[in-house]
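What follows is the residue order along each chain.
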There are 2 protein chains.
Amino acid sequence: MSKDQLKKLIDTAAGRIPAQAVIKNARVVDVFGGGIIRGDIAIVDGVIAGVGEYQGETVYEAEGLYAAPGFIDSHIHIESSYVTPEEIGRLLVPCGTTTIIADPHEIVNVKGGQGMEYMLEAAKETALDIQYMLPSCVPATAFENSGGAVGAEDIRTWLKDGRVLGLGEFMNYRGVVRGEGFALDCLAAGLEAGVSIDGHSPRVEGKDLNAYAAAGIITDHECTTVEEMRDRISRGMYVLMRHGSACHDLENLLEGVTESNAGRCMLCSDDRQPKTILEHGHLDHHLRLCVSKGITPLNAIRMATLNAAQCYGLSDRGAISPGRRADIVLLHDLESFKAAKVFICGELTAEHGKYLPPVKRRDASAMRSSFFVKDFSADKLRLKLTSDKVHTIELVPGGVVTKKTVAVVKRDAAGDFVYDPGADIVKMVVVERHKNTGNVAVALLRGYGIKSGAVALSVAHDSHNIIAAGVSNEEIEFAVQALIGQGGGILLAKDGKVLEAMPLPVAGIMCEQSGEWVDAKLTEIHRAAHESLGISGDVEPVMTLCFMALPVIPEIKLTDMGLFDVTSFNFSCLEAE
Amino acid sequence: MSKDQLKKLIDTAAGRIPAQAVIKNARVVDVFGGGIIRGDIAIVDGVIAGVGEYQGETVYEAEGLYAAPGFIDSHIHIESSYVTPEEIGRLLVPCGTTTIIADPHEIVNVKGGQGMEYMLEAAKETALDIQYMLPSCVPATAFENSGGAVGAEDIRTWLKDGRVLGLGEFMNYRGVVRGEGFALDCLAAGLEAGVSIDGHSPRVEGKDLNAYAAAGIITDHECTTVEEMRDRISRGMYVLMRHGSACHDLENLLEGVTESNAGRCMLCSDDRQPKTILEHGHLDHHLRLCVSKGITPLNAIRMATLNAAQCYGLSDRGAISPGRRADIVLLHDLESFKAAKVFICGELTAEHGKYLPPVKRRDASAMRSSFFVKDFSADKLRLKLTSDKVHTIELVPGGVVTKKTVAVVKRDAAGDFVYDPGADIVKMVVVERHKNTGNVAVALLRGYGIKSGAVALSVAHDSHNIIAAGVSNEEIEFAVQALIGQGGGILLAKDGKVLEAMPLPVAGIMCEQSGEWVDAKLTEIHRAAHESLGISGDVEPVMTLCFMALPVIPEIKLTDMGLFDVTSFNFSCLEAE
């Protein structure tokens with residue numbers, strides 16, 4: 001802040017000059033003291049000058065509405081919404097969200113530093129303040145090919161650059177707990193810069209958790225039980241209670257929130273698709289859940305505001321107090337948390353569910369070319385099984401975890417797998433798309449339920465190679481080729497025809513469409529997947545496949561390099577003994 | 001932390017290698033979660049690896065004692081203890097204090113940057129971690145001469161230098177609230193550097209307080225009422241609840257602490273003399289007071305540890321958790337808070353009230369020459385009153401606040417004031433000692449009670465010129481000359497002889513003696529002041545005089561430039577109308 005700005009701020013606060021804007025007659029939620037203060041909020045240069053009796057050039061009448069600090073999502077991957085940063089702003093701000101802590105590790109897996117640059121630039125086109133954490137574990141493992149890679153030197157360079165807030169979720173918790181060189185190099189680069197380092201430590205406990213926390217990692221959003229939550233809090237970590245489109249941990253974890261530890265808890269979505277946002281909102285949804293579970297509105301709001309600001313060193317926000325950003329949500333009540341008006345840096349940015357500024361977009365053309373697939377053909381899909389006893393990737397209903405099971409399958413004369421309508425087992429393939437390696441890996445998926453055609457995606461965490469599943473080599477080949485042809489996305493094919501498709505031209509994982517468009521498309525895709533391909537109703541046809549190539553989630557997955565046993569953390573044979 | 005250290009820390013935490021030291025069987029106070037965890041504390045390279053079951057090379061048996069994080073005094077002026085940093089460490093650590101946030105504004109008023117350098121160097125000789133805030137308002141006003149001066153450029157240079165933690169108490173609250181240029185320049189330099197800025201805002205309220213908080217000032221230790229405390233907390237400021245030798249605000253303020261705002265409260269002493277430390281301890285005393293007033297031991301400990309660490313960005317301490325400094329106090333109970341053992345960076349530093357390391361001292365010779373007084377003689381003490389009606393500085397019992405009153409006094413033929421044993425009014429003088437200005441200012445002090453001789457000090461907040469009071473020009477002249485002769489300190493004289501003296505050769509405000517020596521000396525001085533000079537028992541003869549030259553405390557004071565009316569913030573005539 002310049003001296004002149006400081007003077008203007010002080011003069012406004014002291015009431016010597018009128019505020020640029022004033023929100024009159026609000027019930028201001030005091031996240032520090034814990035009460036409600038009736039008064040006007042004076043704003044100048046995007047900053048709160050004070051709460052009291054003020055006059056202003058522009059007057060907003062709050063008419064007794066509650067004024068809370070703008071909500072902060074403490075951990076989200078924008079890419080999981082299939083839309084770009086400009087659009088996520090349009091979707092989230094009307095829900096009261098004014099800041100998100102975003103980890104763009106999907107696009108960085110595809111496009112490396114160029115992807116990070118694009119996300120930073122695109123964020124400038126939305127009023128939502130997007131604070132990025134630099135993805136720390138790209139690729140997720142050494143057992144796959146991704147487009148980008150992040151090492152200790154990259155971390156050093158980016159953190160010095162200053163446009164990122166900290167180091168994103170340190171998924172390589174094994175490497176940390178075991179004290180492995182590469183993990184330590186990356187961590188040391190983060191510690192050196194003195195930034196916040198996010199965690200990801202599912203089921204880590206005891207001394208391993210001590211080791212993980214000792215390494216300087218300050219958050220975790222992977223807790224599913226109250227015990228895990230308490231273990232992390234007592235070790236000085238903040239717990240980010242998650243409620244996204246896929247994972248719903250918040251309600252369980254609320255049982256563990258006490259008056260004493262509430263200051264170490266925050267709210268996050270991790271992944272949140274347009275459908276969920278349009279139907280349930282964003283952090284307003286989390287807040288409703290909190291209050292319905294007996295958390296006081298004050299503590300709930302603190303978890304969505306001040307606590308996140310403290311955890312991430314964003315001392316310029318998180319409260320309605322002098323000198324902080326005028327990120328303010330006017331709420332009808334502290335139960336529904338529906339936002340009547342949302343201000344960002346003092347500007348009225350959303351009203352009654354509508355985002356007010358025009359939606360401009362950054363040029364994403366550099367993200368468009370993201371398919372480099374060598375010599376792909378149905379030939380590469382053929383198996384030469386020497387026995388009919390194989391390992392299958394068996395879906396565990398309702399999640400992204402799988403079981404390694406054994407099945408007896410039919411083979412043709414050449415030893416290739418043949419789909420048997422009587423057994424719910426199909427071919428699943430991962431086609432490398434970043435480096436022209438020509439890698440194609442094939443495995444057998446059980447429980448997906450598909451009965452005809454094929455599904456192909458270029459959204460496959462975290463490396464985002466092409467993943468496809470279908471009833472024949474030809475159906476799979478057609479779907480993969482058609483997907484490449486449309487520049488990536490989601491595609492359903494049957495009998496050599498495209499049934500439904502959602503192109504995702506931005507790095508093969510996002511589109512420049514609206515959230516409503518994505519929602520409508522996905523609805524059509526889900527309908528076709530169930531009705532035309534016969535995928536069973538209790539399987540989410542897209543999300544399920546998305547996670548089948550992620551080799552850090554148990555128990556068995558498929559990367560472009562082969563079938564991967566997550567338990568032994570090494571490759572596995574397709575044929576069973 | 002280097003990669004090798006990180007690896008050692010992780011390996012220790014994970015239990016793969018034995019800890020360097022382990023504190024066995026402690027009841028660890030979990031300041032995050034709010035409970036007590038039974039276990040061993042593993043330590044490596046001065047850092048906590050974890051709490052659990054651990055083996056170590058050096059074993060300390062806690063035998064079920066409580067283990068709390070080392071205490072942090074959030075605001076103290078070391079100089080007010082009359083001892084140097086090495087000695088303050090020896091006095092405070094046995095009380096459980098492991099970090100102090102010190103504002104060396106007394107010595108910087110005397111010696112400028114050279115004084116700051118000396119304090120930084122001296123701090124290296126104690127195990128106590130002394131974190132310095134750079135004094136922000138030196139001199140306190142433009143109406144006096146000090147030895148050092150701090151401007152915006154000095155602030156910029158020091159904050160860049162990196163050895164100071166932030167900007168010390170911004171006493172010039174008038175300047176801030178009024179938006180005055182010099183104050184804003186200094187503030188802007190602090191804001192630019194992104195450091196914590198301490199406050200000092202007695203009785204500031206309403207919009208003025210909004211202005212003070214908007215300026216980025218994050219603490220206040222001048223609250224005396226619960227209302228003032230709440231006002232500051234709701235504006236995002238931390239409240240430092242003070243209990244020092246002079247000011248006892250803590251007990252009042254505890255009435256205002258709630259479960260909801262406790263996280264914004266801390267404990268500080270501001271000024272704490274050896275007598276108080278030796279008799280009552282330090283923050284252990286504060287903690288006893290907290291618990292006796294109904295604060296939970298957990299919240300009390302948080303106020304003395306985690307909260308201060310958070311406020312000042314000392315994320316490396318304030319809790320017993322993996323990765324933090326092994327600053328640990330073993331306590332017999334959570335009521336007396338008596339420290340059995342104190343560890344700093346994992347080293348056993350105090351045991352059963354004794355500081356264990358040898359006390360070494362930095363060379364303070366550069367601080368010794370601090371008296372530059374031109375042409376001082378009794379002539380300069382003579383008044384030429386044209387009337388017998390004068391303004392007096394009238395002491396208000398029990399504090400450092402004064403009243404501006406009018407009195408009728410006796411004069412000699414030349415118009416000089418003549419002491420009348422029937423009226424409790426004597427001459428008080430301030431003699432400039434830093435710049436050879438030759439300034440001597442004379443005023444009349446009422447209520448001090450001195451009946452013979454004179455008292456002279458070189459401790460006179462904040463400029464620390466010489467201040468003296470006595471019954472005749474000759475007694476005052478002798479005392480001042482003798483004080484200069486001994487290189488400063490405190491001196492009582494009568495009939496041309498020194499009665500008692502405590503030399504303070506380090507900048508005229510500190511000595512290189514022990515706290516016990518200071519205590520014994522002050523006891524003798526107080527006794528002589530009452531018994532030999534007749535100063536009334538309810539007047540603290542030294543402290544009272546110390547504050548008579550501080551022109552930021554109401555209502556009337558005396559600087560080397562003249563009688564100063566704090567209310568109108570300008571000089572006043574000695575003669576009344």
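Before reading further, recall that the structure is shown in the block above.
A few points on the structure. (Residues numbered from 1 in each chain as written. Chains lettered and ligands numbered in written order. Predicted model: local features only at pLDDT ≥ 70, side-chain atom pairs only at ≥ 80, totals over all residues. Heavy atoms only, no water.)

## Quick word on the pattern of salt bridges
Moving on, step 1. Under the definition given, this model contains 70 salt bridges over all chains.
Moving on, step 2. Its salt-bridge partner being arginine 163 of chain B, residue aspartate 161 of chain B comes within 2.8 Å of it at the nearest N-O pair.
Moving on, step 3. Here aspartate 161 of chain B falls in the partly exposed class, since its relative accessible area comes to 38%.
Moving on, step 4. Looking at arginine 163 of chain B, the relative accessible area reads 34%, which means it is partly exposed.
Moving on, step 5. Among the ionic contacts, a cluster of salt bridges with common partners joins Glu121, Lys124, Glu125, Lys360 and Arg362 of chain A. (Salt bridge = Lys/Arg side-chain N within 4 Å of Asp/Glu carboxyl O. Buried < 20%, exposed > 50% of the residue type's maximum accessible area, 1.4 Å probe, protein only.)

## Quick look at helix H7 (residues 206–214) of chain A
Moving on, step 1. Looking only at H7 of chain A, the buried set comprises Leu209, Asn210, Ala211, Tyr212, Ala213 and Ala214 of chain A.
Moving on, step 2. Structurally, H7 of chain A contributes buried residues whose contacts are with strand E9 (166–170), helix H5 (173–177), strand E10 (196–199) and helix H8 (226–234) of chain A together with helix H1 (3–13) and strand E3 (47–52) of chain B.
Moving on, step 3. The positive-phi residue at the C-terminal boundary of H7 of chain A is glycine 216 of chain A, with phi of around 95°. (Helix = DSSP H or I, 4+ residues; strand = E, 2+ residues; numbered from the N terminus. Contact = heavy atoms within 4.5 Å.)

## Here we look at the packing of aromatic side chains
Moving on, step 1. Following the criterion strictly, the structure yields twelve aromatic pairs over all chains and no others.
Moving on, step 2. For the ring pair phenylalanine 143 of chain A and phenylalanine 571 of chain A, a centre distance of 5.5 Å and an interplane angle of 80° mean the geometry is edge-to-face. Taken together, the residues phenylalanine 143 of chain A in the loop between strand E8 (129–134) and helix H4 (152–161) and phenylalanine 571 of chain A in strand E30 (residues 570–571) connect sequence positions 428 residues apart.
Moving on, step 3. Summarising the aromatic geometry, the rings of phenylalanine 143 of chain B and phenylalanine 564 of chain B are spaced 4.7 Å apart at their centres and angled 40° between planes, so their arrangement reads as tilted. Here phenylalanine 143 of chain B is found in the loop between strand E8 (129–134) and helix H4 (152–161), whereas its partner phenylalanine 564 of chain B is found in strand E29 (residues 562–565), with 421 residues between them in sequence.
Moving on, step 4. For phenylalanine 564 of chain B, a relative accessible area of 0% translates into the label buried.
Moving on, step 5. Within the aromatic cluster, the residues linked to one another by ring pairs are Phe143, Phe564, Phe569 and Phe571 of chain A.
Moving on, step 6. Above the ring of tyrosine 66 of chain A, the side-chain terminus of arginine 27 of chain A is found at 5.5 Å from the ring centroid.
Moving on, step 7. Of note, arginine 264 of chain B hangs over the ring of tyrosine 238 of chain B, and the distance from its end group to the ring centre comes to 3.9 Å. (Phe/Tyr/Trp six-rings, centres within 6.5 Å; stacked < 30°, edge-to-face > 60°. Lys NZ or Arg CZ within 6 Å of the ring centre and 35° of its normal.)

## Regarding the sheet that holds strand E28 (residues 556–559) of chain B
Residues and elements named next belong to chain B.
Moving on, step 1. An order of E28-E29-E30 is seen for the three strands of this open sheet, with the pairing classed as antiparallel. Of all strands in the sheet, those bounded by a partner on one side alone are E28 and strand E30 (570–571).
Moving on, step 2. Pairing geometry for E28 and E29, over four bridges, is antiparallel. Bridging from a neighbouring strand, isoleucine 556 pairs with aspartate 565 of E29. (Pairing = 2+ DSSP bridges.)

## Describing the relation of the copies chain A and chain B
Moving on, step 1. Rotating chain A by 180° and translating it 0.0 Å along the rotation axis places it on chain B, where the RMSD comes to 0.1 Å. Taken together, these values place the two copies in the relation of a two-fold axis. No C-alpha of chain A approaches the rotation axis more nearly than that of glutamate 259 of chain A, which lies at 3.7 Å.
Moving on, step 2. Looking at the interface residues of chain A, 96% of them are also at the interface in chain B, so both copies use one shared face. (Least-squares fit on C-alpha atoms with pLDDT ≥ 70 in both.)

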